[in-house]
Amino acid sequence: MSVLPLIFTSGWASGINAYAVVLLFGVFGATGLTDEVPESLQRTDVLIVAGALFLCDTVADKIPYIDSVWDSVHTVIRPVSGAVVGALLAGQSGSLPEIAAGAVGGSTALVSHLVKAGARMAINTSPEPFSNVLVSTAEDLGVAGIIVFAVFHPVAAAVIAGALLVAGLVTVAFLASRIRRFLRGRARRRAEKRPATGAPPAL
């Protein structure tokens, strides 16, 4: 069976929480639950680093505005992680060229990441912090659930991931006005912090 559905699902999940994907795949491979995971993801040092970064992601992702800064930093990290995981899965399976698998995993992770980041900008226009915690927790549980499901039912998991991706794009389009409000607010705050030019020197 082609590993493409698993790569697509892992790409979607990597766009939300790349460290959780690496950690879960590594644990599943190390415990023998699946043969699809390459040994490089099962290494102890990889699992330790992924676990530590997952904890950092879990905390940062639940703090208003900090989560958007964290997302900005991971605009490159998540797609690259999705591409690497996809290529490794393809190399382990041998049923799909690694370059093609990396392109699928990376592009899917990028779109998923942009959906996540856009939704967070919209949520951050709300003054209360509880929405961030609820959404972040739902994302963590969703990533864990779909990766576990994908290991045993890759095609069905890919269908679910595709549906969630489309739903996310529709939601972000619907929240476009709130996202623009967040970006204007952030630009205004940066302008206020920037020292004024041309001010007379202090005596």
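Placed above this text is the structure.
Residues numbered from 1 in each chain as written. Predicted model: local features only at pLDDT ≥ 70, side-chain atom pairs only at ≥ 80, totals over all residues. Heavy atoms only, no water.

Q: Provide a residue-level description of unusual backbone geometry, including the pertinent values.
A: Only a minority of non-glycine residues have a phi that is not negative, and only a minority of peptide bonds are not trans. Non-glycine residue tyrosine 65 carries a positive phi angle of around 70 degrees. By the secondary structure assignment, tyrosine 65 is in the loop between helix 2 (44–60) and helix 3 (66–93). (Helix = DSSP H or I, 4+ residues; strand = E, 2+ residues; numbered from the N terminus.)

Q: Give a detailed account of the packing of helix 1 (residues 4–30) against helix 6 (residues 154–174), specifying residues and quantitative values.
A: Here helix 1 crosses helix 6 at 40 degrees, and the two axes come no closer than 8 Å. Overall, the two elements helix 1 and helix 6 adopt an arrangement that is oblique. As for the relative orientation of helix 1 and helix 6, their crossing is left-handed in sense. Between helix 1 and helix 6, the residues in contact are Pro5, Leu6, Phe8, Thr9 and Trp12 and Pro154, Val155, Ala157, Ala158, Ala161, Gly162, Leu164 and Leu165, respectively. Taken together, the residues that form the contact of helix 1 with helix 6 break down as 11 nonpolar, two polar and no charged. (Axes fitted to C-alpha atoms, helices over the stretch in contact; angles between N-to-C directions. Parallel < 35°, antiparallel > 145°, perpendicular 65-115°, else oblique. Left-handed = near helix turned anticlockwise from the far one by under 90°. Contact = heavy atoms within 4.5 Å. Nonpolar A, V, L, I, M, F, W, Y, C, P; charged D, E, K, R; others polar.)

Q: Mind laying out the nonpolar core, listing which residues take part and the relevant values?
A: Membership of the largest hydrophobic core comes to 28 residues, with the highest contact counts inside it found for Val3, Ile7, Trp12, Phe25, Leu89, Val143 and Ile147. Taken together, the elements giving at least two residues each to this core come down to helix 1, helix 3, helix 5 (130–152) and helix 6. Among the elements that make up this core, the one with the highest residue count is helix 1 (11 residues). Aside from chain neighbours lying at most four places away, what touches valine 3 is Glu36, Leu89, Ala90, Ser93, Ser95 and Leu96. Formed by six residues, the second largest nonpolar core is a distinct cluster that contains Ala122, Val172, Leu175 and Ile179. (Core = buried A, V, L, I, M, F, W, Y, C linked by side-chain atoms within 4.5 Å. Buried < 20%, exposed > 50% of the residue type's maximum accessible area, 1.4 Å probe, protein only.)

Q: Any chance you could break down the layout of surface pockets for me, citing the residues and the numbers?
A: What the largest pocket holds in volume is close to 400 Å³. If you list the elements that add at least two residues to the lining of the largest pocket, you get helix 1, helix 4 (98–123), helix 5 and helix 6. In terms of residue count, the dominant contributor to the lining of the largest pocket is helix 6 (six residues). In terms of residue class, the lining of the largest pocket is built from 12 nonpolar, four polar and two charged. (1 Å grid on protein atoms, 1.4 Å probe; cavity = no way out; pocket = protein on both sides within 12 Å on 5 of 7 lines; lining within 4 Å. Points joined across faces, edges and corners; volume = space filled by probe spheres on them.)

All quantities given are derived from atomic positions and should not be read as evidence of function.
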